[in-house]
Amino acid sequence: MDVLNRLKNAVTSVIPGNPLARDFDIHGQVASTGPGLLWKIFSAVKKSTKEEAAVFYFEKKVLDKYHKRDKEVIIESLRKGVQQLTKLRHPRILSVIHPLEETREALAFATEPVFSSLANVLGSCDNLSGGSKILSEFQLYEVEIKHGLLQILEGLGFLHNDAKMLHRNICPSSIVLAKFGTWKLAGCEFVQQAGDSQDQKAFFTCHEWRSDMPRDAQPNLDYMAPEYELNHTCSPASDMFSFGILMYALHNNGRPLYECEGELRTFRQNAEELGSMRNSLLSKMPSQLADHVKLLLNLEPTIRPDAAQMMKIPFFEDMACIALQYIDSLYQRENIEKSNFFKGLPKIIECLPKRVSQQRVLPALFKEGVNANMVPFILPSIFLISEQSTTEEYREMVLPELIPFFKIREPIQVMLMFLQNMNLLLSKTPAQQIQTYVFPLIFAALEADSPQIQSTDGVSMQELCLSIIPTFADLIEYTTLKKSMIPRIKKLCLGTSVLNVRVNCLLCIGKLMDQMDKWFVLDEILPFLREIPSREPAVLMSILGIHKVALSEPKLGITKDVMANKVLPFLIPLCIDNNLNLNQFNAYMGVVKEMLSKVETEHRTKLEQLDQIQQEHKTLEISKIVGENGSFGKQGEGKTFMDKFWSGIGFGGGGGGESMKVNASSTPEVNSGVNVTPKKTTLSLEEKQKLAKQQEQEKALKSQPPLDPQSKTPSTSKPSSVTPSSGPRDLTSTLMESNMRNLSMSSKSSSGSNIGSPAGTPMSTSGGANWPGATGMGGGVNWASASSTNSHYMTPQPSLSSSNTSFPSAEKPKVDLSSFDTLLTTPSSAKKVPVNQMGQTTGMWTASQPGMTPRPSLGMTGAGGISNSQGWGQNTMPSYQQPTFGAFTASPSTNQSWGGSGIRPMSGVMQPMQASQQNSAANKSLTSDDLKDLLG
């Protein structure tokens, strides 16, 4: 890099051009000044210090139109002017920062930054390119003119009284406007030093204006005093005459009183007319100034006011002009004087044009900012000018100089003023600068230990800071909010003893919650509220407001678990705080009810979803065997109120002595009035296989006969005897048949009829044998009830003869047994026979259940005998025990049919009463044994 710089400097020194290019970065042209506006002024930046500057540049080739001698005269006057200007040091004289340098092609020197020359501002734009458009729109305000003239007067006073010099060329081309609008004297090409004299009065040698010399090498005839030509004398009053013409030109659109156009003869004529100058010539001048200008234009130099006298005229006694004049002399004032002035400055700024405030006031204020004790006094004026400026002007002219003030922590009033004007700063400061400079200021204000510092409206700095933070919440990064902003607010809220500060902390947090996420609120904000020590109504309502925001904000949404376990247990005790009034209590209860409703809704929804999931994944279980009709019987009969309650909430309650079984994994369902329809289950392969297996087991159980008592058959000694097939018996039918036989035998005993006839009528076998009385023997069947305790059946006694045996008919009482019809059980395949007809039906078979072994009913033939219509053979004949009826015994036959003879008479005759007693005993035995077999 150093090599490149040396190479650049070497090339610059050789190549014709600006000799200051190696020391300054030269930008565009901004103005032109000097005699004939020969000097071009460029904005520049000094490379070594990066300071702004103005480079004056003169190209010698512009004088090629002149004769060589005239050209040398002009160049020499320009050299002399720069050399003389470099020697002078005064605030109202242009300051040279780099001396004159000359090359074969040009002259150049550098000064403080320059905005323009007064000649350019008034419309003379010769030798100017690029800046003419900007200057054409530039207009001087009255206050600028007043203040500018005062500054020129100060410069003239310095030259006349201190430097003992005459300027000799006071005109617009010799005055430049510095960067911040200050008017300064330049153009010292014709400055004349006072000669030595014996008295104290300065003596100046007069140099006549010559027509044979170029105009650019002599003073401007339009502004030159008449005594130069008329009396060949000059004095400081001559400069005051030129100043008078300048004042006239400023109020006459830049045109002087007389225009000589470089002709000396015309100048002489105009000078003579000044003796009889009409007042109408000064009609464009302000009334306060016209008389003084007339004095300045007097032909007699002694009558003209000097610089000090002109500065005291009423024209310059304007408040704004005085303020600007005071600002120019701030460096001479004490801090107390400055502070008093700055307190009233905002009122003056309101009367000043914006450009004047920006160019003349603002730079002076920032210069005073180096003293931290003066910053609280200058900030109000700076903020007022910032408010008048556009955003671009603020960022260009105010913000760069304002940034150092953000870092000031003492005095504390600086932060307070920044907070008071935070809206202005946030509206015009870029977001990046806000995060870099404003946020640290906010943090420092929150941590400040001076809560007693209050603004003019009685608001403390911390309250003001807390009220401002939500206004720029969208500019706060989430990390900054989470780690820097909220922790400081929480600390301040818990640590302060000022109620307003605590309430404002809570309000600030509530307004910032829309910038937070759900988990930060649940983890940091809500637990923090329970730590607040005070219970004033304002604090309680602020706490309620934060909970309300957390409940209502969609992206925050307090979960039901947090509400049920933490929030509601915290808020409910606050509801009954004695500090709350009725409206505040109602507000609390409204939020509490809203939370309870939300908890109920969310939890019910959750339980309904869980129930649906359980229904979808529930497997089929067979807990009991259903009956023939496929139902489980009547439910709910005999349940107590407790059973119904448990059943209603999802626990199956066992009635009728069943124990209550609660599944630990199940959840009771409270009847909420909402019907939940379970979705159809999609079974897995294993579940389908299990279901199919269970269905097969159920089908097998249904196909098996019911578990009824089996008939007991006695063991026989003969292997050829036939045992009747085991099967269920109908207890009701058996009892009915036993009763019928008992009634028949009782009737026969009393009437002397044949013993053995069940109905009191002659019985016949298939062979037609008849029983002749009680002692006759023949083939036939005697139906009787077994008297032995081992007998369980009413067994027919087969006849041993095929011949018909006739019995005499006998009358028997008719008994109505229709009430027993409902007790009979009959299979669907068999015809149900009434009890009254059972004694009249021939060859009826009855069965109580399908698959049971049929037996013959007690059928009567029309002839009064038992008919073996079924033709039971030897192999199908059941084996029976041999009951004893009176004097007869019937024994089973193994090789004969029912028609064969198998009845042997027994010795002795049984009396009717004895037979009746035996039958009654047999009935009792039968009934008892059957019940035992049935009930196990």
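Residues numbered from 1 in each chain as written. Predicted model: local features only at pLDDT ≥ 70, side-chain atom pairs only at ≥ 80, totals over all residues. Heavy atoms only, no water.

As named in an unreviewed UniProt entry, the protein chain is SCY1-like protein 2 isoform X3, taken from Biomphalaria glabrata. Its UniProt record, at the heading Sequence similarities (unreviewed entry), says of the protein chain: "Belongs to the protein kinase superfamily." (UniProt positions renumbered as here; feature names shortened; annotations may be inferred.)

*Asks:* I'm lost on the pattern of salt bridges in this one. Help?
*Replies:* Two side chains carrying opposite charge are able to pair once their charged atoms lie near each other. On inspection of all chains with the given rule, the structure shows 27 salt bridges. For the salt bridge of Glu 76 with Arg 79, the shortest nitrogen-to-oxygen distance reads 2.9 Å. Highlighted residues: Glu 76 and Arg 79, both in helix H2 (residues 68-87), separated by three residues, approximately one helical turn. We classify Arg 79 as buried; its relative accessible area is 17%. A salt bridge links Arg 92 to Asp 328; the nearest nitrogen and oxygen atoms lie 3.4 Å apart. Remark: Asp 328 occurs in helix H11 (residues 319-328) and Arg 92 occurs in the loop between H2 and strand E4 (96-102); sequence separation between them is 236 residues. (Salt bridge = Lys/Arg side-chain N within 4 Å of Asp/Glu carboxyl O. Helix = DSSP H or I, 4+ residues; strand = E, 2+ residues; numbered from the N terminus. Buried < 20%, exposed > 50% of the residue type's maximum accessible area, 1.4 Å probe, protein only.)

*Asks:* What exactly am I supposed to notice about the side chain of Glu 463 here?
*Replies:* Note on placement: Glu 463 falls in helix H19 (residues 461-468). The side chain of Glu 463 sits in the buried core without any salt bridge; Lys 511 is the nearest counter-charge, 12 Å away. (Lys, Arg positive; Asp, Glu negative; His and termini not counted.)

*Asks:* What is the right way to look at the pairing of strand E8 (residues 175-178) in this model?
*Replies:* In summary, the side chains of a regular strand alternate between the two faces of the sheet. Where burial is concerned, the two faces of E8 agree: the one with Ile 175 and Leu 177 and the one with Val 176 and Ala 178 are both buried. Where strand E6 (residues 114-117) and E8 come together, three bridges link them in antiparallel fashion. Looking across to E8, one finds that Ser 117 is bridged to Val 176. (Pairing = 2+ DSSP bridges.)

*Asks:* Whenever I open this one, the nonpolar core confuses me. Can you help?
*Replies:* The nonpolar side chains of a soluble globular protein tend to be buried with one another. Counting residues in hydrophobic clusters, the biggest one holds 111 residues, and the most contacted among them are Leu 402 and Ile 469. The element best represented in this core is helix H18 (residues 431-446), accounting for nine residues. One finds Leu 63, Phe 109, Trp 183 and Ala 290 within the second-largest nonpolar core, a separate group that totals 86 residues. (Core = buried A, V, L, I, M, F, W, Y, C linked by side-chain atoms within 4.5 Å.)

*Asks:* Honestly, the confidence of the model for the protein chain in this entry has me stumped. Any pointers?
*Replies:* As a general rule, the predicted coordinates of low-pLDDT regions are not to be interpreted in detail. Per-residue pLDDT for the protein chain averages 73, and the proportion of residues at 70 or more is 65%. Contacts of residues 653-680 to residues separated by more than four positions or lying in other chains number 27 contacts, the stretch itself having pLDDT below 50. Contacts of residues 840-928 to residues separated by more than four positions or lying in other chains number 207 contacts, the stretch itself having pLDDT below 50. (pLDDT = per-residue confidence, 0-100. Contact = heavy atoms within 4.5 Å.)

*Asks:* What am I meant to see in the packing of helix H15 (residues 391-406) against H18 here?
*Replies:* Two quantities define a packed helix pair, namely the angle between the axes and the distance from one axis to the other. At a minimum axis distance of 10 Å, the contact between H15 and H18 shows a crossing angle of 35 degrees. For the pair H15 and H18, the crossing hand works out as left-handed. When H15 is examined against H18, the residues Leu 399, Ile 403 and Phe 406 are found in contact with a partner set consisting of Gln 433, Tyr 437, Val 438 and Leu 441. Across the contact of H15 with H18, the residue classes break down as six nonpolar, one polar and no charged. (Axes fitted to C-alpha atoms, helices over the stretch in contact; angles between N-to-C directions. Left-handed = near helix turned anticlockwise from the far one by under 90°. Nonpolar A, V, L, I, M, F, W, Y, C, P; charged D, E, K, R; others polar.)

*Asks:* I keep staring at a nonpolar patch on the surface and nothing clicks. Help me out?
*Replies:* Where nonpolar side chains cluster on the molecular surface, the patch consists of Leu 607, Leu 610 and Ile 613 and spans about 240 Å² of accessible area. Here Ile 613 is to be found in helix H25 (residues 582-616). Since its relative accessible area comes to 44%, Ile 613 is described here as partly exposed. (Patch = residues over 30% accessible without salt bridge, like charges linked within 9 Å, V, L, I, M, F, W, Y side chains within 5 Å. Areas by Shrake-Rupley, 256 points an atom, 1.4 Å probe, with all protein chains shown as cover.)

*Asks:* Sorry, what's going on with the packing of aromatic side chains here?
*Replies:* Any pair of aromatic rings gets described here by the distance separating the centres and the angle formed by the planes. Across all of its chains, the model carries 16 aromatic pairs by this definition. When the ring of Phe 383 is compared with that of Phe 418, the centres are 5.6 Å apart and the planes differ by 75 degrees; the resulting orientation is edge-to-face. Linking Phe 383 in helix H14 (residues 375-388) with Phe 418 in helix H16 (residues 413-420), this pair joins segments that are 35 residues apart in sequence. Each member of the pair, Phe 383 together with Phe 418, is buried. Plain terms: the ring middles of Phe 406 and Tyr 437 are 6.5 Å apart, the flat faces sit at 25 degrees to each other, and that makes the pair stacked. On the criterion of sequence distance, the pair formed by Phe 406 in helix H15 and Tyr 437 in helix H18 is long-range, its members being 31 residues apart. Accessibility expressed as a relative area gives 2% for Phe 406, which makes it buried. Put simply, the rings of Trp 39, Phe 56, Phe 58 and Phe 109 touch in pairs and so form one group of aromatic residues. (Phe/Tyr/Trp six-rings, centres within 6.5 Å; stacked < 30°, edge-to-face > 60°.)

*Asks:* Looking at this model, I keep getting lost on H18. Mind explaining?
*Replies:* Each full turn of the α-helix corresponds to 3.6 residues, which orients residues three or four apart in the same direction. The end-to-end C-alpha separation of H18 is 21 Å, in line with the 22 Å expected for 16 residues at 1.5 Å each. Its axis deflected by about 35 degrees at Val 438, H18 carries its strongest bend there, up to four residues before the proline Pro 440. Turning to H18, its buried residues number three or more, namely Ile 434, Val 438, Phe 439, Leu 441, Ile 442, Phe 443, Ala 444, Ala 445 and Leu 446. In this structure, the buried residues of H18 make contact with H15, H16, helix H17 (422-428), H19 and helix H20 (478-495). (Expected span 1.5 Å × (residues − 1). Bend = angle between axes of the 7 residues up to and from the residue.)

*Asks:* I tried to follow the packing of helix H5 (residues 142-162) against helix H13 (residues 354-368) on my own but got confused; where do I start?
*Replies:* With their axes 11 Å apart at the nearest point, H5 and H13 run at an angle of 30 degrees to one another. Taken together, the axes of H5 and H13 are roughly parallel relative to one another. Listed contacts from H13 to Val 143, Glu 144, His 147 and Gln 151 of H5 are Arg 355, Val 356, Gln 359 and Arg 360. Its residues assigned to classes, the contact of H5 with H13 shows two nonpolar, three polar and three charged. (Parallel < 35°, antiparallel > 145°, perpendicular 65-115°, else oblique.)

*Asks:* I would appreciate a short explanation of the environment of Ala 178 in the present structure.
*Replies:* Looking at the element boundaries, Ala 178 is found in strand E8. Look at Ala 178 and you get buried, because its relative accessible area is 6%. Residues within four places of Ala 178 in sequence aside, it is in contact with Glu 112, Pro 113, Val 114 and Phe 115.

*Asks:* Mind showing me how you'd approach the sheet that holds strand E1 (residues 24-33) here?
*Replies:* Adjacent strands of a sheet pair through backbone hydrogen bonds, lying either parallel or antiparallel. Spatially, the five strands line up as an open sheet ordered E1-E2-E3-E5-E4, and their pairing is antiparallel. Here the strands that pair on one side only, and so sit at the sheet edges, are E1 and E4. Strand-to-strand twist of the sheet, defined as the mean angle between neighbouring strand axes without regard to direction, takes the value 25 degrees. Contacts from H2 reach strand E2 (39-46), strand E3 (52-59), E4 and strand E5 (106-111) within the one sheet, and its direction differs from that of E4 by about 155 degrees.

*Asks:* Any chance you could explain the sheet that holds E6 here in plain terms?
*Replies:* Strand order in this open sheet of three strands is E6-E8-E9, and the pairing throughout is antiparallel. Both edges of this open sheet fall to E6 and strand E9 (183-185), since each of them pairs with a single strand only. For this sheet the average axis-to-axis angle between neighbouring strands, irrespective of direction, equals 35 degrees. As judged from the three bridges shared by E8 and E9, these two strands associate in the antiparallel manner. The residue of E9 that forms the bridge with Val 176 is Lys 184.

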